[in-house]
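Each chain, written out:
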Amino acid sequence: MAVNTSQDTHRQLVTEPVYSWTLGLMAYAIVEDQKYEWIAHLKKTEDREPTPAEIENWFRSRTPESFTRAVADAEHALQLVADDALARIIHDGHRI
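Residues numbered from 1 in each chain as written. Predicted model: local features only at pLDDT ≥ 70, side-chain atom pairs only at ≥ 80, totals over all residues. Heavy atoms only, no water.

1. Side note on the overall build of the chain
Scanning the chain from N- to C-terminus turns up 4 helices and 0 strands. Element order for the chain, N to C, with α for helix and β for strand: α-α-α-α. The C-alpha radius of gyration computed for the chain amounts to 17 Å, which surpasses the reference 12 Å derived for 96 residues by more than 25%, pointing to a less compact arrangement than a globule. Dimensions of the chain, computed from C-alpha atoms along their principal axes, come out at roughly 55 × 30 × 20 Å. In the chain, buried positions account for 25% of the 96 residues. Counted over contacts in the chain with a minimum sequence separation of 6, partners at least 24 positions apart contribute 49%. In the form shown here, the chain has an accessible surface area of approximately 6700 Å², with 57% of it arising from carbon and sulfur atoms. Of the charged side chains in the chain, 10 are positive and 16 negative; the average position of the first set lies 1 Å away from that of the second. (Helix = DSSP H or I, 4+ residues; strand = E, 2+ residues; numbered from the N terminus. Rg over C-alpha atoms; globule rule 2.2 N^0.38 Å. Buried < 20%, exposed > 50% of the residue type's maximum accessible area, 1.4 Å probe, protein only. Contact = heavy atoms within 4.5 Å. Areas by Shrake-Rupley, 256 points an atom, 1.4 Å probe, with all protein chains shown as cover. Lys, Arg positive; Asp, Glu negative; His and termini not counted. Charge placed at Lys NZ, Arg CZ, Asp CG, Glu CD.)

Structure below.
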């Protein structure tokens, strides 16, 4: 599926993912954060907002590997959260 917009990205990663909704939502947040970093860079270097066409081109320039990487980064982040929660449970002496 072509990814031309934020909505396409959401559909690919969250609505119709091949993995869990939570993982897809976190991956979507990572992609959106990358987009906002690009926009901030554009504002800083060119003192302007991107046009709708530039934003669409930004999404089109994302490779399948960039989405795979976002999913891997999301999985890692969620694993860190889970590890931290489990460590707190163990430290506090709670039973699961």
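And the narrative resumes.
2. Here's the deal with the side chain of serine 6
Note on placement: serine 6 falls in helix α1 (residues 6-15). What makes serine 6 buried here is its relative accessible area of 15%. Dropping the residues within four chain positions of it, serine 6 is found in contact with Tyr28, Glu32, Lys35 and Phe59.

3. Some remarks on the packing of aromatic side chains
For the coordinates displayed, the defined rule picks out 2 aromatic pairs. Ring centres 6.1 Å apart and planes at 25° place the aromatic pair tryptophan 38 and tryptophan 58 in the stacked group. Residue tryptophan 38 is found in helix α2 (residues 21-46), and its partner tryptophan 58 is found in helix α3 (residues 52-60); the two are separated by 20 residues along the sequence. On the basis of relative accessibility, which here comes to 23%, the residue tryptophan 38 falls in the partly exposed class. On the basis of relative accessibility, which here comes to 8%, the residue tryptophan 58 falls in the buried class. (Phe/Tyr/Trp six-rings, centres within 6.5 Å; stacked < 30°, edge-to-face > 60°.)

4. Side note on the confidence of the model for the chain
Mean pLDDT over the chain: 91, with 96% of residues reaching 70 or higher. No element of the chain has a lower mean pLDDT than α1, at 91, and none a higher one than α2, at 96. (pLDDT = per-residue confidence, 0-100.)

5. A look at helix α4 (residues 64-92)
Over its 29 residues, α4 runs 42 Å from end to end, which matches the ideal 42 Å to within 8%, given 1.5 Å per residue. Of the positions making up α4, those classed as buried are Ser66, Phe67, Ala70, Val71 and Ala74. Residues of α4 that are buried in the fold lie against α1 and α2. (Expected span 1.5 Å × (residues − 1).)

6. Things to note about the packing of α2 against α3
It is the contact of α2 with α3, at a shortest axis distance of 11 Å, that shows an interaxial angle of 135°. With respect to each other, α2 and α3 are oriented oblique. Crossing hand, α2 versus α3: right-handed. Residues Val31, Glu32, Gln34, Lys35, Trp38 and Leu42 of α2 lie in contact with α3, whose contacting residues are Glu54, Ile55, Trp58 and Phe59. For the contact of α2 with α3, the per-class residue count stands at 6 nonpolar, 1 polar and 3 charged. (Axes fitted to C-alpha atoms, helices over the stretch in contact; angles between N-to-C directions. Parallel < 35°, antiparallel > 145°, perpendicular 65-115°, else oblique. Left-handed = near helix turned anticlockwise from the far one by under 90°. Nonpolar A, V, L, I, M, F, W, Y, C, P; charged D, E, K, R; others polar.)

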